[in-house]
Amino acid sequence: MSQEPSVSDELSHFNRSGHAHMVEVGSKAATTRTAIAEGYIVMAEATLARIQAGSMGKGDVLGVARLAAIQAAKKTWELIPLAHLLALTGADIDFRSEVGPPRIVCQAQVRCLGQTGVEMEALTAVSVALLTIYDMCKAIDRGMQLHGIRLLRKEGGRSGLWEAGQ
């Protein structure tokens, strides 16, 4: 079941007094949770060509960005104050190059068997992958821009399936 973006009348990260708190998930059933996020980084044609040719001075840009994304997914709980520590069962990070405009698109799929979703882990993975590409290429292209970081799909738990744009 897909649904349009909405804002709940009750935000679960705030208690009755209006203070931020970590949501209690201990009584929730552990289910398979999956989230897919994506985003992209726009760059100069020459930068994209050097990444594709493997001729960037710092090494394998996409290989390093992939590792950074996986590490970021695993450490999301340390970065997002109210996120839970999750035992991830998988993280797949894919890149594709596009030429109009020149950019690299990153897509992250993150999975766990747990009591809460992995949306933040997928979004964090994409964000850190793109930031890593920027870091590795900034010496030749400081004008790169990150765009479109968003959740595409989440599955599992009480709310079931959600897909963007459906």
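Caption draft 1: A look at the packing of aromatic side chains. One pass over the full model with this rule turns up zero aromatic pairs. In this structure, arginine 103 packs its charged tip against the face of tyrosine 40, placed 4.1 Å from the ring centre.

Caption draft 2: View of helix H1 (residues 45-53). Buried within H1 we find Thr47, Leu48 and Ile51. For H1, the angular spread of the buried residues around the axis is 95°, confining them to a single face. Along H1, exposed side chains directed more than 90 degrees from the buried face belong to Glu45, Ala46 and Ala53.

Caption draft 3: Region of the structure containing a nonpolar patch on the surface. Together, Leu131, Leu146 and Ile149 make up a nonpolar patch on the protein surface, roughly 230 Å² of accessible area in all. Its location among the elements puts leucine 146 in strand S4 (residues 145-155).

Caption draft 4: Just the sheet that holds S4, in detail. Taken in spatial order, the five strands of this open sheet run S2-S3-S1-S4-S5, and their pairing is antiparallel. A single partner strand is all that each edge strand has here, and the edge strands are strand S2 (88-99) and strand S5 (162-163). Relative to strand S3 (residues 102-114), S2 runs antiparallel, the two sharing 11 bridges. Bridged to aspartate 92 within S3 is glutamine 109. With respect to the sheet, H1 is in contact with S2 and S3, its orientation differing from that of S3 by roughly 55°.

Caption draft 5: View of the nonpolar core. Ranked by size, the top nonpolar core spans 31 residues in total, and within it Met43, Ile51, Phe95, Ile104 and Ile133 carry the most contacts. Per-element accounting of this core gives the leading share, eight residues, to helix H4 (residues 119-137). Filtering out sequence-adjacent residues up to four positions away, isoleucine 104 remains in contact with Gly39, Tyr40, Ile41, Met43, Leu48, Ile51, Leu62, Phe95, Arg96, Ser97, Leu130 and Ile133.

Caption draft 6: Structural view of the side chain of threonine 76. On the secondary structure map, threonine 76 appears in helix H3 (residues 76-79). Overall, the relative accessible area of 0% leaves threonine 76 in the buried class. Sequence-distant contacts of threonine 76, that is, excluding residues within four places in its chain, are made with Ala83, Met120, Glu121 and Thr124.

Caption draft 7: Local environment of the confidence of the model for the protein chain. Averaged over every residue, the pLDDT of the protein chain is 89; residues scoring 70 or more account for 87%. For the stretch residues 1-9, pLDDT sits under 50, and the model shows nine contacts to residues farther than four places along the chain or on other chains.

Caption draft 8: Representation of the pattern of salt bridges in the model. One pass over the full model with this rule turns up eight salt bridges. Residue glutamate 98 is joined to arginine 96 by a salt bridge in which the shortest nitrogen-to-oxygen separation is 2.9 Å. In this structure, lysine 138 and aspartate 135 form a salt bridge, with 2.5 Å as the shortest nitrogen-oxygen distance. Lysine 138 sits in the partly exposed class, given a relative accessible area of 25%. Looking at aspartate 135, the relative accessible area reads 38%, which means it is partly exposed. Residues joined in a network through salt bridges with shared partners are Arg96, Glu98 and Arg103.

Caption draft 9: How the structure looks around the environment of histidine 84. Following the sequence through the fold, histidine 84 ends up in the loop between H3 and S2. When its relative accessible area of 15% is taken as the criterion, histidine 84 is described as buried. Placed 33 residues apart in sequence, histidine 84 and glycine 117 show a C-alpha to C-alpha distance of 9.3 Å.

Caption draft 10: Molecular detail of the side chain of arginine 33. Position of arginine 33 relative to the elements: it lies in strand S1 (residues 31-42). Among buried charged residues, arginine 33 stands out as having no salt bridge; its nearest opposite-charge side chain is glutamate 119, 6.5 Å away.

Rules used in this analysis
Residues numbered from 1 in each chain as written. Predicted model: local features only at pLDDT ≥ 70, side-chain atom pairs only at ≥ 80, totals over all residues. Heavy atoms only, no water. Phe/Tyr/Trp six-rings, centres within 6.5 Å; stacked < 30°, edge-to-face > 60°. Lys NZ or Arg CZ within 6 Å of the ring centre and 35° of its normal. Buried < 20%, exposed > 50% of the residue type's maximum accessible area, 1.4 Å probe, protein only. Helix = DSSP H or I, 4+ residues; strand = E, 2+ residues; numbered from the N terminus. Arc of directions from axis to C-beta. Patch = residues over 30% accessible without salt bridge, like charges linked within 9 Å, V, L, I, M, F, W, Y side chains within 5 Å. Areas by Shrake-Rupley, 256 points an atom, 1.4 Å probe, with all protein chains shown as cover. Salt bridge = Lys/Arg side-chain N within 4 Å of Asp/Glu carboxyl O. Pairing = 2+ DSSP bridges. Contact = heavy atoms within 4.5 Å. Axes fitted to C-alpha atoms, helices over the stretch in contact; angles between N-to-C directions. Core = buried A, V, L, I, M, F, W, Y, C linked by side-chain atoms within 4.5 Å. pLDDT = per-residue confidence, 0-100. Lys, Arg positive; Asp, Glu negative; His and termini not counted.

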